[in-house]
Each structure stands twice: as structure tokens, then as C-alpha cells.
Amino acid sequence: MGTIYIDGEAREANDKQNLLHACLSLGLDLPYFCWHPAMGSVGACRQCAVKQFKDENDTRGKLVMACMTPATPNARISIRDPEAVAFRAAIIEGMMLNHPHDCPVCDEGGECHLQDMTVMTGHDYRRTRFPKRTFHDQYLGPFVYHQMNRCIQCYRCVRFYRNYAGGHDLNSFDIRNTVFFGREKDGVLESEFAGNLVEVCPTGVFTDRTLRQHYTRKWDLRMAPSICGHCSLGCNITMGERYGVLRRVVNRFNSEVNGYFLCDRGRYGYEYVNSKERIRDAMLDGKRISGDEAEQQLQTMISGGKRLIGIGSPRASLESNFALQRLVGKENFFAGVALGEWEALTAAVDALRTTPARIASLHDVEESDTVLILGEDVSNSAPRMALSLRQATRQQSFEAAAKLRIPLWMDDAVREVAQDQRSPLFLAATGATRLDDIAAKLYRAAPDDIARLGFAIAHEIHSSAPEVPGLSNEILEAARTIAVVLKSAKHPVVISGTSSRSIPLIQAAANVARALCDSGLRASLSLVAPECNGVGLALMGARPPQEMFDSAKDATVIVLENDLYRRFLRSAVDDLFGSAERTIVLDHLANETTARANLLLPATTIAESDGTLVSSEGRAQRFFQIFPPQPELRESWRWLRDHAWTSLDDVLKAMADEALQLAPVIKAAPQESFRIAGAKVPREPHRYSGRTAKTANISVVEPKPPADPDSALSYTMEGAHVQPPAALQPFFWSPGWNSIQAVNKFQSEIGDALRGGDPGVRLFESSSGGSYFNAIPAPFTPRKSEWLLVPAQHIFGSEELSSHAPGIAELAPDPYLAMNAAGAAKLQLEASSEVEINLGGTAYRLPLQIAPELPDGVAAIPDGLTPARGAELPAWTAIRRAQ
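So, how was this worked out
Residues numbered from 1 in each chain as written. Predicted model: local features only at pLDDT ≥ 70, side-chain atom pairs only at ≥ 80, totals over all residues. Heavy atoms only, no water. Salt bridge = Lys/Arg side-chain N within 4 Å of Asp/Glu carboxyl O. Helix = DSSP H or I, 4+ residues; strand = E, 2+ residues; numbered from the N terminus. Pairing = 2+ DSSP bridges. Axes fitted to C-alpha atoms, helices over the stretch in contact; angles between N-to-C directions. Parallel < 35°, antiparallel > 145°, perpendicular 65-115°, else oblique. Left-handed = near helix turned anticlockwise from the far one by under 90°. Contact = heavy atoms within 4.5 Å. Nonpolar A, V, L, I, M, F, W, Y, C, P; charged D, E, K, R; others polar. Buried < 20%, exposed > 50% of the residue type's maximum accessible area, 1.4 Å probe, protein only. Core = buried A, V, L, I, M, F, W, Y, C linked by side-chain atoms within 4.5 Å. Domains from an automatic or database assignment. Buried area = accessible area lost by both parts, 1.4 Å probe.

A.B. asks: Explanation requested: the pattern of salt bridges in the structure shown.
C.D. replies: Close approach of charged atoms lets side chains of opposite charge pair. All chains considered together, the criterion is met by 58 salt bridges. With a closest N to O distance of 3.9 Å, Arg-501 and Glu-341 form a salt bridge. On the criterion of sequence distance, the pair formed by Arg-501 in the loop between β21 (492-497) and α18 (503-518) and Glu-341 in helix α10 (residues 339-354) is long-range, its members being 160 residues apart. The residue Asp-563 makes a salt bridge to Arg-869 at a minimum N-O spacing of 3.9 Å. Highlighted residues: Asp-563 in the loop between β23 (556-560) and α21 (570-579) and Arg-869 in the loop between β35 (858-862) and β36 (875-877), separated in sequence by 306 residues.

A.B. asks: Can you help me understand the sheet that holds strand β24 (residues 582-587) in this one?
C.D. replies: Two strands in a sheet stick together by hydrogen bonds in their backbones, pointing the same way (parallel) or opposite ways (antiparallel). Read from one edge to the other, the open sheet built from seven strands follows the order β14-β13-β25-β24-β23-β15-β16, with strand pairing classed as mixed. Either end of the sheet is taken by a strand with one partner, and the two such strands are β14 (287-289) and β16 (333-334).

A.B. asks: Explanation requested: the packing of helix α2 (residues 82-96) against helix α3 (residues 113-121) in the structure shown.
C.D. replies: If you want to describe how two helices pack, look at the angle between their axes and the distance between the axes. Between α2 and α3, the least distance of the axes is 9 Å, while the angle of their chain directions is 135°. By the angle class used here, α2 and α3 are oblique. The hand of the α2/α3 crossing is left-handed. Two secondary-structure elements touch here, α2 through Arg-88, Ala-89, Ile-92 and Met-96 and α3 through Leu-114, Met-117, Thr-118 and Thr-121. Its residues assigned to classes, the contact of α2 with α3 shows five nonpolar, two polar and one charged.

A.B. asks: Help me understand the environment of Ala-809 in this model?
C.D. replies: Checked against the element boundaries, Ala-809 lands in helix α24 (residues 806-811). C-alpha of Ala-809 to C-alpha of Pro-142: the two residues are 667 residues apart in sequence and 10.0 Å apart in space.

A.B. asks: Sorry, what's going on with unusual backbone geometry here?
C.D. replies: Glycine aside, a negative phi is what most residues show, and trans is what most peptide bonds show. Note the cis peptide between Leu-873 and Pro-874, where omega equals 0°. With respect to the secondary-structure elements, Pro-874 resides in the loop between β35 and β36. Its identity is not glycine, yet Arg-405 carries a phi of approximately 60°, on the positive side. Here Arg-405 is to be found in the loop between α14 (395-403) and α15 (411-418). Positive phi, close to 55°, is recorded for Arg-501, a residue that is not glycine. A relative accessible area of 17% means that Arg-501 is categorised as buried.

A.B. asks: Explain the nonpolar core here, please?
C.D. replies: Generally speaking, a soluble globular protein has its nonpolar side chains buried in company with each other. Ranked by size, the top nonpolar core spans 132 residues in total, and within it Leu-20, Phe-33, Phe-160, Phe-206, Met-385, Leu-389 and Ile-495 carry the most contacts. Among residues more than four places away in sequence, those in contact with Phe-33 are Cys-45, Gln-47, Ile-92, Met-95, His-113, Leu-114, Met-117, Ile-152, Cys-154, Arg-156 and Pro-202. By size, the runner-up hydrophobic cluster in this structure holds 96 residues, among which are Leu-318, Ala-451, Leu-586 and Val-761.

A.B. asks: For this particular structure, what's the right way to read the domain arrangement of the chain?
C.D. replies: Think of interface size as the accessible area that goes away when the parts come together; that is how it is often given. What the domain assignment lists for the chain is domain 1 (2-96), domain 2 (342-529) and domain 3 (787-881). With centres defined by C-alpha atoms, the gap from domain 1 to domain 2 works out at 40 Å. Each side of the interface is counted separately: domain 1 has 11 residues, and domain 2 has four residues. The junction of domain 1 with domain 2 conceals about 540 Å² of combined surface from both sides, 61% of it contributed by carbon and sulfur atoms.

This is the structure:
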């Protein structure tokens, strides 16, 4: 830190940053466009001009761009100098020469950074009378809407898409004095992070196409802090609602988790909340009944049944799973997860609780200088992590820039110095991934062979790790090479996960992390899971899923937010329901399991409930209702609650008392009794309009606002309009800052944690216990007439809830079976041939895809996207041409 002087006032600033960063961190208003806290400075827009002086005696000074000028100690600048003010106003006026006069109809209106900066500079009148430059807009897919006429050439879009996210199909096309930002031709943007263009763009060039289908002005959205429910990373989001319809999802900053960006599944998967397949009423044997009747029937069935069996869910909240476990008893609470996935999940949690390594947050991943990925396609199973990994590979370029004394925020200069230099990322996977282009070394093999490589790397790092017998010279050499690089790293991270359902893979990753720690390195470990609360379910100590099929005979079976037909063989689930005395199902979307319910109870989605999810990092985070549920809908824990519970806080207290491993969860957010100056935190911005008109068709008298007994948030604009604890921050807004970039006003320093600390509480920390795992699998051996069938994750389609969003469904692949060309030739098959496989005694037909990257003897089908979705994988199967 150092002292700089701004308009004659001495201020403390980070001397490793630029003047724009310093001014914004100090809460000062200085307009900008091209700079972004995650992408650094390029000096393209010239909007952040200030007057800089040599010393206190200099009265003339010179204009400099704040984003390109370091905040050196004793620097003297003026934001209010008349020449600087006039320069900034002139820049805005120049941008407005071709900008359309369409603010009232622009999707970005009221949340536009260009509007904010125009007002900030004082520009309020257009002097030009000449025709404006115009462009043809492009179709960019179901997520992003394109209107190029609004562009101000800040270059943020291509810098994010190409440099930061690694995309290739969006670019700037220049001819003379005209620049066009888009694709070579119309088509769906290929990057899984394309939706971030909506927030990165400071104008309305890229806007949310899904919001256009049910558009509402941003100031008329009721908002609340929430957590993405479409993978296990726990990205922080803000949901926005109007008239009982969920309208959009935007990023909610958390420096330890998702930072400024989301993946497209997390941003656009929300539309399942508005699905026509929502369950809105309770049903008894197929007949609609009221909520009160449903509760009476529930109590009758519970009290009249011989035994109760509860089947939990990795997509339900901790509170709902706990309520079910409390109702049926721990001995009758089962994990509603396929056996292979459950065993992998419990193995991952065991590894995380006993490792000496730090459990990696996404920020830790981004800061790591060497990466080893064992068997996990994170681009599809945990997409936001892939974006962090792309930044991790830049650490070497940062070191090169530092040697030349180039500030790391000077983005173009750093990239020019780096050229193609990358920090090492070693990637071992069964098939091709979206990170292959940045990998220093790729290793393709079956899951067991990847695990053997991992165990070998651990042994090469530290001799205490078990030795792997029977290694080929090629694998041994690869293990030694990777081990040497990992041992030379400062902050290595090891990543694996449960998507392959392979316990050896998870244990191999844990061994590598332990070996690095035993060698004195500050290593991190990340083990990702496919669903939002799988780790939370595993921490609850549910019984293994295979035991529930025998236990269900003559029992009352209660299924919590879980389509069992997605997870188990159809015949097994049919037998389970057939042997049960009666079945009670709680869920929010109709599916094959809800169709088998004797009593169907309509549950709320994440948008209509409060609760807690535990991420793969072991971070417990609270989500809150965006709008109160319809009268017949209830949170699952409310349907199943102990009658002594009257609020979410009561459930949390009971859970903390009975499950010590979950006791810290109670600290994930303030309790309902929390107040600021006696007031709750408002979900609605103070600009919210039409509160009376919304219900004018019912009554001209404004109704009483709904109450929220479970949180410190109010459903109105009334409340404390000051910064609350981060877990309760419903949206980011500050006077003069209406766009998403208002987050600047809520951070302790730009790009750093929110004031008061980021949301969530970690349940895992480094452990001094544990030991090396030594269950090393045998080498994979292809069979003569069978293939090992493995699940292939897809960002669009594999996750259950998001697949009900129309845009996600549009991009989901069709069912297929993939194998390499040699395997296809062996069977005399060609691409698109229809093949037949047999799993669990059932035959399935699928079109063939040729995947050159798959190893011999291995085939793949998309997880959750084929008729065989309930089959236990991996599994050996014969493959033949369908007759």
C-alpha cells in the first residue's frame, strides 16, 4: 500500500494496481468502459482520463488514462480537473454519435453501464444531425441476443470470449473505420460461457434472449440471493422475479467461488421453475386434493404404516433431507443415488475429510501454478471450474511479466510477453474435453488405467505412497515427468471427481495431494460431484442405496425430490414401488416417479424456498426465496417437519444438535431475527414500481405484503438500504451505478471479497490424520467381444433440472453411443449406424458416433440422455449392429 493524492486529498491505495482500480476501491466515481476487474486494462476507450501532476508545485499537469497508469506512491491526480472533465465528456459524445436513441425499448435500459457513465460525465444533449452507422444483427443461439448498432467498440466482448474463456467463434471484424463484433456467420455461440457477454458488455449489444421472452424492467424485479443448483460448485447467483414468474439469473459475486462469471447452464437453466410440467397441486391416487387434505392424508399414512422408508436426494436441500431422516429414523433413511455414484461420492467425502491438502475453492484453482486432472471432464461436470483452470495456466505468463516489471493488470502487454507460454496442466481423461487445447500433456485411457497413473505419480513424488506394480515404461515415464513438474510447483492443485463412478480415481488423486503435502508443498485438492447437494447428502450418513430395495417391502416409502427411474434400472424401481404398501412422493416437476405416487405432494423449487446446499468444496451456503410459493406449494421440509418446528431456524438448530458434522451450517447466513436498525433487508430495489397496479384486477386496495418467517429478507422495497452481510445481499445497486458493475461499491477492494467477508462457511479443512490409499486397480484389459461402457457428461442435458429449460434442451445432444474408429471397424460399423447394447437385461438401440479419442475397448453414452439412463455404469456390454 502507498499514499496517493486525489484532488489534493491523501488516500491509501494498492501500489500494485492502476489508478482506476485505486479510485474505484476508494469509492470514487470515475467512468470507464474497456477495463474490467477480471480482465485488466487495455486503454481502448479513453474514458477514464484524469489529470496527473508531477508534484505539489505542478499546476499544469497532463491527461493520462487512469486504467493504464500505475498507482505509484505519492502520485498526484485530479478527477475533477476541468480539462479531464471536458475530455471525458467529449469521449462520451463521440461514442454517442452512432449510438441509437432507443433506451426506452432497449433490454439493457435501466441497468446499462453506458447510461450510468453518460450521466456521470454530464453529457445530456446530442449535437449531431447526421445519419448513424448501422449493422445487421446475428442469431447467436437460444441464450444471447445480438444488436450491434449499440456497440461502442470497447472490445470487452472479444477479450472475455477469446482471451479469458478460450472461445474461437466470436471475433472483431475490421474494415477501414468500421468494427463488427460477432461471428463469421449466424450460428450458436460455441463457448459454454457465452452468456457472460450479457454482463461483460457495457451496453445492449449482447442481452439475455431468455429474458426477452418474459421481459420486465430490471428495477421491477424482486430479487434474492441464491445458489446455483445445477452442479456441485455452489456458484452464487441472484434470481429475479415478477408476477410470480422467474425472469432471469445473474451472477452474484463471491471472490472464493465464481467471482464475476457463471457457466451457461447455471445462468439459463432456471426456466425449469416456470415449466408447464410443474406440480402445482397435491394428488391422492390421481385425484386433486387441497393442501390441508394432503397434510391430513400424509399424517394418516405416516401413523398408519407398518414401517417408514425415506429416500433422500442430492438435489434437495440439507433441511429437507434432514426432515425426512428425522421422520423415518436414521436406520430407514437411504441415499437415492445409484450405487456406483454413491460409493464414489462417499469415497470423495472421506478423502476430503482426511486429506492434509487444502480443499480447493475456485479461487485456489485459479491461483494454482500447476494442475493435474485425473479422469474428470470438468468442462461438462463442473463447468465454472474450467474457466478457473484457463486462468491457472496463465501463472507462468504472470511470472514472465513480473521479471520484466510489467504490471499484471496491463493485460495486452502481459499476453504479448507470454505468447504461447502456459503453466503446466496435465489432463488424463477417457475422452476428449474442452480443455485439451491448454493441456501440456494429454493421457487417454480407461478409468482404472488413469487411476494407476495417479497412484504412480504419488509414489514418484513421495516414496511413502504405495508403488504401482506392472507399469509399462511409457506410463512410468509419464508419471515421473508429471511428478517432477508437480514437485517444482509453488501451488499445485489435483482435481478429480465422481462422474466416472471410480473410487480408485478419487483415491489416486487424494494420494497425489498427500504426497505433495508430505514433500512440503502447499497443495490443494478438489473432488467434484455432479449434483448440487450430493456432498451434503453424504455427510448425513444415509444408508447405501442397494439396501432400500429389500427394506421397501410392505413399507410406506417416502421419496424426496428424486426421480428414481433416472438412477436405477426400471425393473428394480418397479419392484420397489410394487412391494411397498404405499408411496409418498415430494417433487416439483412431473416425472416417472411422481406418476407412481399414491400421495403426491407439490414441493417448491429453489426459487420458492429457503435452505442450504453444501458444495464440493464443503462450503455450506444458504439460498433464499425469490417469491413466496403458491398456496398449495410448500418446501419439502415443511411437508415433513416436526411440528415443533415453525421456521427454518428451528430446523437448522435441530440439525446442528443432532449432526455434529453439520453444526457449522447454522452460521452460513444470519438468522431470521437479524435486523439492521430494526428493519429487514429488502428484496425489491427502491425503484420498484407498480406495486398497487399489479393486483388492480383483484382489488384497488393494496394487499398486505407477504411475510417471510424464515429469513431476514422482506418482500418489499421497505427496509434497510445499506450493505447487509454478504449472504443476505439480494442485488448490487448504488446511486449512479445501476448496472451489474455496482458490485464495485460492495467490495473491500475491487476484485477482492465483499465487505464483511464472502458468503458461506467451510465444513472441511486440512486434516493431520488419514493415510495413503493402497487399493490399486489392475491394468485395464479390453475384452474380445465386450466394451466397457462409461458415462459421458454433457453440460447441456446431463443435469436433470436444467434439461427442462427450453434453451438447454435445444443444445442438448441426441442420444448416442461413441467408440473409436478401430472398434467400429472391428464391428463393421460406420458413423450413424444403429447399434444395440444390453444393460441389466434390457436391450437399447442408439446411433453410433465415432470418437477417435476413446481408448480401445471403451465406449461411452451420454449421462442422463439415453433410454438407458437408469443403468449402472461403468458396465461391460456387447455391442452389435441393430437388426
